[in-house]
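Understanding the architecture of this molecule
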Amino acid sequence: MEITGSLATIGYGLAAIGPGIGVGLIFGMGVQAIARQPEARGILQGQMIFGFAVVEALAILGFVLAFLQAG
């Protein structure tokens, strides 16, 4: 029996777990912080969006690297 395929796709699937958890933590804690101090909403919302962008950039980087390894 011969198994063929690319481990890059499995690697990306495992690597996507981290950003998924990160996004959940960012928005969960952000909503909690806004609920505690509604007057700080503008500052907190900007920081949440910046954190989301950084985490998603890492996920996209992993996605691109999975295609580079597979090709």
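Residues numbered from 1 in each chain as written. Predicted model: local features only at pLDDT ≥ 70, side-chain atom pairs only at ≥ 80, totals over all residues. Heavy atoms only, no water.

1. Overview of the overall build of the chain
Scanning the chain from N- to C-terminus turns up three helices and zero strands. Listing every helix and strand of the chain by position from the N terminus yields α-α-α. Since a compact globule built from 71 residues should have a radius of gyration of about 11 Å, the 17 Å found for the chain marks it as more spread out than a globular shape. The principal-axis extents of the C-alpha atoms in the chain amount to approximately 60 × 20 × 5 Å. Taking all 71 residues of the chain together, the buried fraction comes to 17%. (Helix = DSSP H or I, 4+ residues; strand = E, 2+ residues; numbered from the N terminus. Rg over C-alpha atoms; globule rule 2.2 N^0.38 Å. Buried < 20%, exposed > 50% of the residue type's maximum accessible area, 1.4 Å probe, protein only.)

2. Focus: the packing of helix H1 (residues 7-15) against helix H2 (residues 17-36)
One way to put it is that H1 packs onto H2 with a least axis distance of 4 Å and a crossing angle of 20°. In terms of orientation, H1 and H2 fall into the roughly parallel class. In this structure, H1 uses Gly13, Leu14 and Ala15 to contact H2, whose residues at the interface are Ile17, Gly18 and Pro19. Split into classes, the residues belonging to the contact of H1 with H2 amount to four nonpolar, two polar and no charged. (Axes fitted to C-alpha atoms, helices over the stretch in contact; angles between N-to-C directions. Parallel < 35°, antiparallel > 145°, perpendicular 65-115°, else oblique. Contact = heavy atoms within 4.5 Å. Nonpolar A, V, L, I, M, F, W, Y, C, P; charged D, E, K, R; others polar.)

3. Structural notes on a nonpolar patch on the surface
Together, Phe50, Val54, Leu58, Ile60, Leu61, Phe63, Val64, Leu65, Phe67 and Leu68 make up a nonpolar patch on the protein surface, roughly 1,000 Å² of accessible area in all. The residue isoleucine 60 is located in helix H3 (residues 41-70) in this model. (Patch = residues over 30% accessible without salt bridge, like charges linked within 9 Å, V, L, I, M, F, W, Y side chains within 5 Å. Areas by Shrake-Rupley, 256 points an atom, 1.4 Å probe, with all protein chains shown as cover. Salt bridge = Lys/Arg side-chain N within 4 Å of Asp/Glu carboxyl O.)

4. Digging into the UniProt feature "transmembrane region" (unreviewed entry) in the chain
As recorded in UniProt, the feature "transmembrane region" (unreviewed entry) lies at residues 12-35 and 47-68. Helix makes up 96% of residues 12-35 and strand 0%, with an end-to-end C-alpha separation of 35 Å. Here residues 47-68 runs as 100% helix and 0% strand, with 32 Å between its end C-alpha atoms. (UniProt positions renumbered as here; feature names shortened; annotations may be inferred.)

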